[in-house]
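# Overview (structure and organization)
What follows is the residue order along each chain.
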Amino acid sequence: MPEALSRLTAEHGLADSVELKTLLAGPAGPVAEVLTGRAAPTWSTRRSYLVDTPALDLLRVGIEVRLRRRARGRYDLAVSARRAGSSARCGTPRGGRVELDVVPGGLWLDVEVRSEVDPRVATRVIEGAGAGADLLSPAQRAWACRGGEGAVDERCLRDLRVHGPLVVSRVKVAASRWGLRRADLEHFRFPSGRERVELSTHCVPHEVADTVPAFERMLDERSVVCAAAYRPRTAEWRAELADRTN
């Protein structure tokens, strides 16, 4: 309920921001046309890589490390720890960003430490000529080792490598008519060809009570069909890599 989410975020100070998102059942192209009202909306595309050990030791304990290639050859790296429910934000690393992820049937507290990465270092690691641990800042190294549900030994970081890329295409949806600043439609394509289509919107904590019903109105008025269940992207990554090793 919007009121409950508002209490979680505003009164208890759990989050810096809130993201509402849902997986969609239909293909990305027609959904983009319906949401934007344009026959050929403009998609922006980027590549994202999972950074983990061959055995996915970080994902196993709830840590996701993502290397993202941005516009004009820039790169950034995010180290995220996701926790179920509304756990207190004690122990949040300095400079960490706390977000509540609200999805059908689920609520997660996502604590992320993000930093810019030297493009030369990123390129070497992607090409297999550099060590994955070279991507992490000191704060990210510390968070990768202690932010998850179980401890990760510093030695794990020596075996980090790049998996991917995950190709992410995005369409920005003007959503002011529903009382939203904007919504983002994203189409994810994994190396195997596996796809997912996700619609999301962001707000600050005190706007939750208004944003939740507005997001639902947008889905209803545009007759957007949501998937039967929400599956986190980390689960998709694990399935993808498990299929490649079997």
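Computed from a predicted model, the values in this text were never measured in an experiment.

The rules behind these values
Residues numbered from 1 in each chain as written. Predicted model: local features only at pLDDT ≥ 70, side-chain atom pairs only at ≥ 80, totals over all residues. Heavy atoms only, no water. Helix = DSSP H or I, 4+ residues; strand = E, 2+ residues; numbered from the N terminus. Buried < 20%, exposed > 50% of the residue type's maximum accessible area, 1.4 Å probe, protein only. Contact = heavy atoms within 4.5 Å. Areas by Shrake-Rupley, 256 points an atom, 1.4 Å probe, with all protein chains shown as cover. Polar contact = N/O pair within 3.5 Å; in protein donor to acceptor, adjacent residues only side chain to side chain. Salt bridge = Lys/Arg side-chain N within 4 Å of Asp/Glu carboxyl O. Phe/Tyr/Trp six-rings, centres within 6.5 Å; stacked < 30°, edge-to-face > 60°.

So, on to the overall build of the protein. In terms of regular secondary structure, the protein is built from 8 helices and 9 strands. The proportion of buried residues among the 246 residues of the protein is 47%. Look at the contacts in the protein between residues 6 or more apart in sequence, and 66% of them connect residues 24 or more apart. Carbon and sulfur atoms make up 48% of the accessible area of the protein, which amounts to about 12100 Å² in all.

Position of H187 among the secondary structure elements: in strand β8 (residues 183-189). Here the side chain of H187 touches E195 through a polar contact of 2.4 Å, side chain to side chain.

Below, the discussion takes up the pattern of salt bridges. Side chains that differ in charge, positive against negative, can pair when their charged atoms come close. All chains considered together, the criterion is met by 25 salt bridges. Residues D153 and R155 are paired through a salt bridge, measuring 3.1 Å at the closest nitrogen-oxygen approach. Residue R196 pairs with E236 through a salt bridge whose shortest N-O separation is 3.8 Å. Here R196, found in strand β9 (residues 195-203), pairs with E236, found in helix α8 (residues 233-245); they are 40 residues apart in sequence, far enough to count as distant. In this structure R196 comes out as buried when scored by relative accessible area, which is 3%. Among the ionic contacts, a cluster of salt bridges with common partners joins E64, R66, R68, R70, D76, E112, R114, E116 and R233.

With respect to the helices and strands, P119 occurs in helix α4 (residues 119-126). Each C-alpha atom, one on P119 and one on L135, is 10.0 Å from the other, the two residues being 16 residues apart in sequence. Contact partners of P119, with chain neighbours within four places excluded, come to G73 and Y75.

Before going further, it helps to examine the packing of aromatic side chains. Considering all chains together, one arrives at 2 aromatic pairs under this definition. When the ring of W108 is compared with that of Y230, the centres are 6.2 Å apart and the planes differ by 45°; the resulting orientation is tilted. With W108 in strand β6 (residues 106-117) and Y230 in the loop between α7 (208-221) and α8, the pair connects residues that are 122 residues apart, well separated along the chain. As far as burial versus exposure is concerned, W108 and Y230 are alike and both buried. A centroid spacing of 5.3 Å and a plane angle of 85° characterise the contact between F190 and W237, whose relative ring orientation is edge-to-face.

Summarising the element assignment, T45 is placed in strand β2 (residues 44-52). Taking the C-alpha atoms as reference points, T45 and A71, 26 residues apart in sequence, are found 9.2 Å from one another. Other than its neighbours up to four places away in sequence, T45 contacts V167, V168 and S169. Here the side chain of T45 touches S169 through a polar contact of 3.2 Å, side chain to side chain.

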